[in-house]
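Okay, here's what each chain looks like letter by letter:
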Amino acid sequence: MTFLEELQKQRWDDHRYYHHNRINQFLHLLSASCFLVSYVLVFFHPAAAALVGWLLAMTLRQTGHFFFEPKTYDDVNRASHDYKESVKVGYNLNRKIVLLSIWALTPVALLLGPDLFGLLAPATDMAGFISNTALVWLSIGLGAVLFRTVHLFKLMGVQSGLVWMTKILTDPFHDIKIYQKAPYYILKGEMYDTMDDWYEDRSFRNEV
């Protein structure tokens, strides 16, 4: 399988397994827009990029997964939720709980140790505290991507790890492309995607 073929497969599996609910798709559309803003900000104001990325983009994205996406048996793909969690290439829900817990505990860690073991200049006011928190969040985000990429090198091979990293970094662009009609379907009252009309090549559809 070539790099691009595997990228298409990872994207298709992610969509068909974890994006049935139209509200989840709509939240991903909003999240993707926020991530694009974050991508621009990171070159000019990294702390602001982290705040937009975590507080807006990630919150919207994970709200869709945790609260709207069905976790019952998937009749479309003939797969249980446990099966999908076990074959998830990236961060499944359990791994996301760990990552989000680390994110949520960051302000507490900075309150207890303002210099974070000598890595940061201690904040002297609220603006400094928010800036330090945002910079740690940025490091956590980048670290999470690099950690899982290297982990996938061992589990699935170097190409699969690089494919996943490419997928994660380009997801905002892809999400806007495939979920831009989510508000339209919601207004029509179609709350769940049947997965029938996404890709011209559906050779991966039957791989469960």
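Residues numbered from 1 in each chain as written. Predicted model: local features only at pLDDT ≥ 70, side-chain atom pairs only at ≥ 80, totals over all residues. Heavy atoms only, no water.

Trainee: Help me out: how do you make sense of the overall build of the chain in this one?
Mentor: The number of helices and strands found in the chain is eight helices and zero strands. Shown N-terminal to C-terminal, the secondary structure of the chain runs as helices and strands in the order α-α-α-α-α-α-α-α. In summary, the chain has a C-alpha radius of gyration of 18 Å against a globular reference of 17 Å for 208 residues, a match within 12%. The principal-axis extent of the C-alpha atoms belonging to the chain is close to 55 × 45 × 30 Å. (Helix = DSSP H or I, 4+ residues; strand = E, 2+ residues; numbered from the N terminus. Rg over C-alpha atoms; globule rule 2.2 N^0.38 Å.)

Trainee: What exactly am I supposed to notice about the packing of aromatic side chains here?
Mentor: Two measures describe an aromatic ring pair: the distance that separates the ring centres and the angle between the ring planes. All told, the structure shown has five aromatic pairs when counted by the stated rule. An angle of 45° between the planes, with centres 5.4 Å apart, marks the rings of Trp 103 and Trp 137 as tilted. One end of the pair, Trp 103, is in helix H5 (residues 93-112); the other, Trp 137, is in helix H6 (residues 126-156), and 34 residues separate them in sequence. Neither Trp 103 nor Trp 137 differs from the other in exposure class; each is buried. Taken together, the ring pairs in this structure connect Trp 54, Trp 103 and Trp 137 into an aromatic cluster. Stacked on the ring of Tyr 185, the Lys or Arg Arg 22 has its end atom at 3.8 Å from the ring centre. Cation over ring: Lys 88 sits above Tyr 18, and NZ or CZ is 4.5 Å from the ring centre. (Phe/Tyr/Trp six-rings, centres within 6.5 Å; stacked < 30°, edge-to-face > 60°. Buried < 20%, exposed > 50% of the residue type's maximum accessible area, 1.4 Å probe, protein only. Lys NZ or Arg CZ within 6 Å of the ring centre and 35° of its normal.)

Trainee: What's the story with unusual backbone geometry in this structure? I'm lost.
Mentor: Working note: non-glycine residues mostly have negative phi, and peptide bonds are mostly trans. Phi is positive for Leu 116, which is not a glycine, with a value near 50°. Considering the arrangement of structural elements, one finds Leu 116 in the loop between H5 and H6. Overall, the relative accessible area of 19% leaves Leu 116 in the buried class. Look at Phe 117: it is not a glycine, yet its phi comes out positive at around 60°. Mapped onto the elements of the fold, Phe 117 is located in the loop between H5 and H6. For Phe 117, a relative accessible area of 82% translates into the label exposed.

Trainee: I keep staring at the pattern of salt bridges and nothing clicks. Help me out?
Mentor: Two side chains carrying opposite charge are able to pair once their charged atoms lie near each other. Under the criterion given, the structure shown has 10 salt bridges. A salt bridge links Arg 22 to Asp 193; the shortest N-O distance between them is 3.7 Å. Of this pair, Arg 22 sits in helix H2 (residues 22-41) while Asp 193 sits in the segment after helix H8 (182-188), and the two are 171 residues apart along the sequence. A relative accessible area of 5% places Arg 22 in the buried class. One salt bridge in this structure joins Lys 188 and Glu 190, with 3.1 Å as the shortest N-O distance. A residue is classified by how much of its surface remains accessible, and Lys 188, at 46% relative accessible area, is partly exposed. One network of salt bridges, in which partners are shared, links Asp 14, Arg 61, Lys 88, Lys 167, Asp 171 and Asp 175. (Salt bridge = Lys/Arg side-chain N within 4 Å of Asp/Glu carboxyl O.)

Trainee: Explain the nonpolar core here, please?
Mentor: For soluble globular proteins, nonpolar side chains are generally found buried alongside one another. Grouped together as the largest cluster of nonpolar side chains are 24 residues, with contacts concentrated most on Trp 54, Leu 99, Leu 110, Val 136, Trp 137 and Ile 140. Elements supplying a minimum of two residues to this core: H2, helix H3 (46-68), H5 and H6. The element best represented in this core is H6, accounting for eight residues. The contacts of Trp 137, once residues within four sequence positions are left out, are Ala 50, Leu 51, Trp 54, Leu 55, Trp 103, Thr 106 and Pro 107. (Core = buried A, V, L, I, M, F, W, Y, C linked by side-chain atoms within 4.5 Å. Contact = heavy atoms within 4.5 Å.)

Trainee: Is there a simple way to think about the environment of Ser 160 in this case?
Mentor: Counting through the fold element by element, Ser 160 comes out in helix H7 (residues 158-179). C-alpha separation for the pair Ser 160 and Glu 6, spaced 154 residues apart in sequence, amounts to 7.4 Å. Discounting chain neighbours no more than four positions away, the residues touching Ser 160 are Glu 6 and Gln 10. Here the side chain of Ser 160 touches Glu 6 through a polar contact of 2.5 Å, side chain to side chain. (Polar contact = N/O pair within 3.5 Å; in protein donor to acceptor, adjacent residues only side chain to side chain.)

Trainee: Mind showing me how you'd approach the packing of helix H1 (residues 3-18) against H7 here?
Mentor: Two quantities define a packed helix pair, namely the angle between the axes and the distance from one axis to the other. H7 packs onto H1 with a crossing angle of 60° between their chain directions and a minimal axis gap of 9 Å. Here H7 runs oblique to H1, going by the angle between their axes. Judged by the sense of rotation from one axis to the other, the crossing of H1 with H7 is right-handed. Mapping the contact onto sequence places Phe 3, Glu 6, Leu 7, Gln 10, Arg 11, Asp 14 and His 15 in H1 and Gln 159, Ser 160, Leu 162, Val 163, Trp 164, Thr 166, Lys 167, Thr 170, His 174, Ile 178 and Tyr 179 in H7. When grouped by side-chain class, the residues that make up the contact of H1 with H7 number seven nonpolar, seven polar and four charged. (Axes fitted to C-alpha atoms, helices over the stretch in contact; angles between N-to-C directions. Parallel < 35°, antiparallel > 145°, perpendicular 65-115°, else oblique. Left-handed = near helix turned anticlockwise from the far one by under 90°. Nonpolar A, V, L, I, M, F, W, Y, C, P; charged D, E, K, R; others polar.)

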